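Structural overview for review
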Amino acid sequence: MGRKAEFIPYEVKAILNKHKRPDHWFWTRYSVYPYIGCQHGCEFCYCRERKYAPYDDLNDFPYVIKVKENAPELLRRALAKNPRDAIAVGDYQPLERKYRISRQLLEVCLELDFPIFMLERSPLVLRDLDLIQDIARKSYATVAFSVIHTAQSPNAAQLDRMEGLAPRPAERFAAMQALSKAGIRTGICLMPILPGLGDSRENLELVIQRTADAGGRFVLASTLTLSDQQRTYFMDYLQSSLPELLPLYQRLYPTQSYGPSGDHWLKIGRMVRELCIKAGISDRMPRPILPGEKRALNKQAAELLADRTYEMELDGMDAARIWPYRKAAWAVEELEQDIGLVYSQMGLKGLQSIQGVGPSIGKQIEQFIIGRKD
Ligand code: SF4
């Protein structure tokens, strides 16, 4: 990479991405990102998709970085008008040293008391440990690292090359250790697990064990996704740099497919679960609950149902059997009354009166509530 990066400050009209409800992976309801483009330039990056990368020439993605210079002020105004919930924040690519916008966004989250989730590939995030700790003391903070291999992994050299300018995995594990020692909840996103490069049992076990050794508490795993211009970019990359893998990817990702076909993911997901159990950590991110949260039980019940949804997916169950759990998790999340109160006043019938909660799911929520009382 000989080309020099160019930074383009500009003013955005809106900064806060809002979701109707928290997602079931990171438990965030909001997200805010200070830059477009990423100097790390990982070849597989989903941020090259059209909706995230408005470049005429996609080769500009790691070299022409757009800097949302008014992001902190816009975030302050937006958060002041929205209910308190977790926000995915930050981007610690090299230009953050100069612009410090991620730091300013953290300052806003601290000031307005919003809990945070951060996902990084750089130990530069440690520069702002003081703010992260302050946020964790007031509400909660989780810092995860994207890691897909270790220095000892098979194909480490190819995977290093594919991660471009991102700091090497050992630096990320060291940062994870530092965060863990500082009392910050940390873990990894093992994403994307690349077919033929990072999906061997040996690699997954190395990554998961290193995570546990570094004080990580969870491993969220997912495979590669391919979409529109990012798909074209990545397939072109394979053709020029790893042509021997192209037939495998063409088979796993037929035209228009976003994720891998067949049972590729199921095998990986199950292996990750087994290896996480062996390492004594979780393949789900435990849901943080805000101190003083009035509907804490609803959120925990929604987490239970979301976990069940994931388990059913790993068991290879039909979508028709899985969807009711997902919908019930959403309904419980959105229920305005405290679900414990509903149960204590109306029993199982009360639980079943929640939209999307039938006899079987109602019974599971009941067992959860009773179990918590014991
Ligand atoms: S560090 Fe993350 S955002 Fe940056 S290029 Fe790599 S995958 Fe994309």
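Residues numbered from 1 in each chain as written. Predicted model: local features only at pLDDT ≥ 70, side-chain atom pairs only at ≥ 80, totals over all residues. Heavy atoms only, no water.

Taking an unreviewed UniProt entry as the reference, the protein is identified by name as DNA repair photolyase belonging to Pelolinea submarina.

Turning next to the UniProt feature "domain: Radical SAM core" (unreviewed entry) in the protein. Residues given the UniProt feature "domain: Radical SAM core" (unreviewed entry) here are residues 33-200. End C-alpha to end C-alpha, residues 33-200 measures 33 Å, and it is 33% helix and 18% strand. (UniProt positions renumbered as here; feature names shortened; annotations may be inferred. Helix = DSSP H or I, 4+ residues; strand = E, 2+ residues; numbered from the N terminus.)

What follows concerns helix H11 (residues 296-314). Helical geometry note: an α-helix holds 3.6 residues per turn, so side chains three or four residues apart project in the same direction. Taking 1.5 Å per residue as the helical rise, H11 with its 19 residues ought to reach 27 Å, and the 27 Å between its terminal C-alpha atoms agrees with that figure. In the segment just after H11, Gly 316 is the residue with positive phi, at about 75°. (Expected span 1.5 Å × (residues − 1).)

This next bit is on the site of the ligand. Cys 38, His 40, Gly 41, Cys 42, Cys 45 and Arg 121 make up every residue found near the ligand. Here the shell around the ligand is built from residues that sort into three nonpolar, two polar and one charged. (Near = heavy atom within 4 Å. Nonpolar A, V, L, I, M, F, W, Y, C, P; charged D, E, K, R; others polar.)

Turning next to the pattern of salt bridges. Enumeration according to the criterion identifies 28 salt bridges in this entry. With a closest N to O distance of 2.6 Å, Glu 96 and Arg 127 form a salt bridge. Of this pair, Glu 96 sits in helix H2 (residues 96-99) while Arg 127 sits in the loop between strand E7 (116-120) and helix H4 (129-138), and the two are 31 residues apart along the sequence. With a relative accessible area of 27%, Arg 127 lands in the partly exposed category. The partner of Arg 273 in a salt bridge is Asp 283, and the shortest N-O contact between them spans 2.8 Å. In this pair, Arg 273 is assigned in helix H10 (residues 264-279) and Asp 283 in the loop between H10 and H11, connecting sequence segments ten residues apart. Take Asp 283: its relative accessible area is 6%, and that puts it in the buried class. (Salt bridge = Lys/Arg side-chain N within 4 Å of Asp/Glu carboxyl O. Buried < 20%, exposed > 50% of the residue type's maximum accessible area, 1.4 Å probe, protein only.)

A word on the nonpolar core. Side chains of nonpolar character tend, in soluble globular proteins, to be buried together. In terms of nonpolar packing, the biggest core is built from 60 residues, with Leu 75, Ile 87 and Ile 116 touching the most fellow members. Among the nonpolar cores identified, the runner-up in size contains 28 residues, and Cys 45, Tyr 55, Met 162 and Tyr 253 belong to it. (Core = buried A, V, L, I, M, F, W, Y, C linked by side-chain atoms within 4.5 Å.)

Now for the sheet that holds strand E5 (residues 64-68). An order of E1-E5-E4 is seen for the three strands of this open sheet, with the pairing classed as mixed. Each having just a single partner strand, strand E1 (6-10) and strand E4 (35-36) make up the two edges of the open sheet. Note: E4 against E5, two bridges, orientation antiparallel. Residue Ile 36 lies in a different strand from E5, and its bridge partner there is Lys 66. (Pairing = 2+ DSSP bridges.)

Mapped onto the elements of the fold, Glu 333 is located in helix H12 (residues 319-334). What makes Glu 333 buried here is its relative accessible area of 6%. Within the structure, the side chain of Glu 333 is placed 2.8 Å from the side chain of Arg 287, a separation counted as a polar contact. What Glu 333 contacts, discounting residues up to four positions off in sequence, is Arg 21, Pro 22, Arg 287, Arg 295, Lys 299 and Ala 302. (Polar contact = N/O pair within 3.5 Å; in protein donor to acceptor, adjacent residues only side chain to side chain. Contact = heavy atoms within 4.5 Å.)

Attention shifts here to the pairing of E7. Taking burial as the measure, the five residues of E7 include four buried ones, the bulk of the element. Summarising the sheet, E7 and strand E8 (residues 141-146) pair through five bridges and their orientation is parallel. Note on E8: the bridge partner recorded for Phe 117 is Thr 142. A crossover links E7 with its parallel partner E8, the connecting element being H4, and its sense is right-handed. (Right-handed = clockwise from strand over helix to strand, strands pointing away.)

A separate point is the environment of Leu 245. Here Leu 245 is to be found in the loop between helix H8 (228-241) and helix H9 (246-252). Among the residues examined, Leu 245 registers a relative accessible area of 11% and is labelled buried. In the structure, Leu 245 is positioned 93 residues away from Gln 152 in sequence and 21 Å away in space, judged by C-alpha atoms. What Leu 245 contacts, discounting residues up to four positions off in sequence, is Gly 196 and Leu 197.

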